[in-house]
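# Examination of the molecular architecture
One letter stands for each residue in the lines below.
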Amino acid sequence: MRIRTIAVLASWMLIVGGAVAADDAARSEAHQAYAAQLWEFLHRPGNRFDSWGQWAIPLSLPVGPAVDEDDTVYANSVAASRKTLESPFDVGSVLVCQHKQDGQEVGVTVWFRPSEDYAESGWYFAHFAPDGTVVKTSVDKGEFNKKGFVTALENGRLWVFRLGTSQIAEWASKGAPEKSVTMPGAGPQGMTMKAFDKETIVAYNSAADGFVTFEEDGRLWFFAEGSDDLADYLAQGEPAKSVTRPGAGPSGMTVKSTEADTLDKYLEAIQE
């Protein structure tokens, strides 16, 4: 099974590798076909991904949406052989997340490690709506791409959706919702932004590589990924000591963190 998984998935990756870069669209026809084949591969009769063993350890990968505590993650035999939390995943590792809300599947993300030197992150990912519609992949091109989100331009306005939520399934099947939130001038380059709710727009605007953000009472808390301060916040809530910068964040929000240096690095990151 290990050899077959590596051979099949890696061969598909080689087929589409050049076509993606040559196409001006977000995703070339060749890569769209690859993602569709990947969905079929994961749903093979008698060997579906949800027949694999479940991954019980908290998972955070450098690309793709976040994995929440209500989600279920499955690992193929290669990924499952990882020896420690600090060990890298071997080439051929495949992880699949069933994103859930209220116990219902709202999306599926697959991560695949095709080679030692594949991309900066080492991972390819694809996110699907529950019906198999391809929503986003790690090689999609887009000026406004951010980790954990998918965007769509419509008449000069930027729609933003959060991966791993029921919003994706609704958008994929029905298109833009009848009821939405509009925030003029709130987006990149002063664009008008639209979403299912204000929280999605705030989360998109505040997202920055290497940081995790939380909105509380109109203020934005942020922490470095993997930091002790983040772990303490998740376990205990707001820290007793913090640094505050009123109006310095996205859309003029007040930003807070535990260290001035971390705050400065975050504000620099969202300006890039």
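Residues numbered from 1 in each chain as written. Predicted model: local features only at pLDDT ≥ 70, side-chain atom pairs only at ≥ 80, totals over all residues. Heavy atoms only, no water.

## A closer look at the sheet that holds strand E5 (residues 124–128)
Taken together, 6 strands build an open sheet; the order of strands is E1-E2-E3-E4-E5-E6 and the sheet is antiparallel. Each edge of the open sheet carries a strand with a single partner, namely strand E1 (53–54) and strand E6 (134–137). Bridging between E5 and E6 involves 3 bridges; their strand directions are antiparallel. Bridge assignment links His127 to a residue of E6, and that residue is Lys136. The sheet contacts of helix H2 (residues 29–42) involve strand E3 (94–101), strand E4 (104–112), E5 and E6, and relative to E5 the element is tilted by about 75 degrees. (Pairing = 2+ DSSP bridges. Helix = DSSP H or I, 4+ residues; strand = E, 2+ residues; numbered from the N terminus. Contact = heavy atoms within 4.5 Å. Axes fitted to C-alpha atoms, helices over the stretch in contact; angles between N-to-C directions.)

## Considering the pattern of salt bridges
For the structure on display, the rule yields 7 salt bridges. Close ionic contact of Glu116 with Arg113 constitutes a salt bridge, the shortest N to O distance being 3.6 Å. Using a relative accessible area of 62% as the deciding quantity, one classes Glu116 as exposed. Classification of Arg113 as buried rests on a relative accessible area of 12%. (Salt bridge = Lys/Arg side-chain N within 4 Å of Asp/Glu carboxyl O. Buried < 20%, exposed > 50% of the residue type's maximum accessible area, 1.4 Å probe, protein only.)

## Here we look at helix H7 (residues 260–271)
Three or four residues apart is the spacing at which side chains of an α-helix point the same way, because the helix has 3.6 residues per turn. Between its first and last C-alpha, H7 extends 17 Å over 12 residues, near the 16 Å set by a 1.5 Å rise per residue. Buried within H7 we find Thr262, Leu263, Tyr266, Leu267 and Ile270. Buried residues of H7, seen end-on, are gathered within an arc of 130 degrees and therefore sit on one face of the element. For H7, the exposed residues lying more than 90 degrees away from the buried face are Glu268 and Gln271. (Expected span 1.5 Å × (residues − 1). Arc of directions from axis to C-beta.)

## A short note on the pairing of strand E12 (residues 219–224)
Bridge analysis of strand E11 (residues 211–216) against E12 gives 6 bridges, and the strand direction is antiparallel. Its bridge partner being in E12, Thr213 is matched across the sheet by Phe222. With antiparallel pairing between neighbouring strands as the criterion, E11 and E12 make up a hairpin whose turn holds 2 residues, including Asp217 at a positive phi of roughly 55 degrees.

## Let's talk about the side chain of Thr258
Within the secondary structure, Thr258 sits in the loop between strand E14 (254–257) and H7. Thr258 gets classed as buried once you look at its relative accessible area, which sits at 16%. Within the local environment of Thr258, its side chain forms a polar contact with the side chain of Asp229, the two groups lying 2.6 Å apart. In this structure, Thr258 is in contact with Phe223, Asp229, Pro239, Lys241, Ser242 and Val243, ignoring residues within four places of it in sequence. (Polar contact = N/O pair within 3.5 Å; in protein donor to acceptor, adjacent residues only side chain to side chain.)

## What to know about the packing of aromatic side chains
Using the criterion set out here, one finds 16 aromatic pairs in the structure. Between Phe49 and Tyr74, the aromatic rings sit 5.6 Å apart at their centres with planes inclined by 75 degrees, giving edge-to-face as the arrangement. With Phe49 in the loop between H2 and E1 and Tyr74 in strand E2 (residues 72–75), this pair connects stretches of sequence that are 25 residues apart. Comparing Phe49 with Tyr74, the two get one shared label, buried. (Phe/Tyr/Trp six-rings, centres within 6.5 Å; stacked < 30°, edge-to-face > 60°.)

## With respect to the nonpolar core
In terms of nonpolar packing, the biggest core is built from 21 residues, with Trp55, Leu59, Leu61, Phe89, Leu95, Trp111 and Trp123 touching the most fellow members. Counting only elements with at least two residues in this core, the list comes to E2, E3 and strand E8 (157–162). Not counting the four nearest positions on each side in its chain, Leu59 is found in contact with Val67, Val73, Phe89 and Leu95. Judged by nonpolar contacts, the second largest core, of 19 residues, contains Phe41, Val94, Phe112 and Phe128. (Core = buried A, V, L, I, M, F, W, Y, C linked by side-chain atoms within 4.5 Å.)

## Things to note about the sheet that holds strand E9 (residues 181–183)
Strands sit in the order E7-E8-E10-E9 across an open sheet of 4 strands; the sheet is mixed. The open sheet has two free edges, formed respectively by strand E7 (149–154) and E9, since each of these has just one partner strand. Here the average twist between neighbouring strands, direction ignored, is 25 degrees. Two elements, E8 and strand E10 (residues 193–195), share 2 bridges in a ladder whose sense is parallel. Along E10, the bridge assignment pairs Leu158 with Met193. Its contacts with the sheet place helix H5 (residues 198–206) against E7, E8, E9 and E10, and it is angled at close to 95 degrees to E8.

## What to know about the confidence of the model for the protein chain
Of the residues in the protein chain, 89% reach a pLDDT of 70 or more, and the chain-wide mean stands at 82. The least confident element of the protein chain is helix H1 (residues 2–22), whose mean pLDDT is 47; the most confident is E2, at 94. (pLDDT = per-residue confidence, 0-100.)

## Some remarks on the environment of His31
As for its placement among the helices and strands, His31 is situated in helix H2. With 108 residues separating them in the primary sequence, His31 and Val139 have C-alpha atoms 9.0 Å apart.

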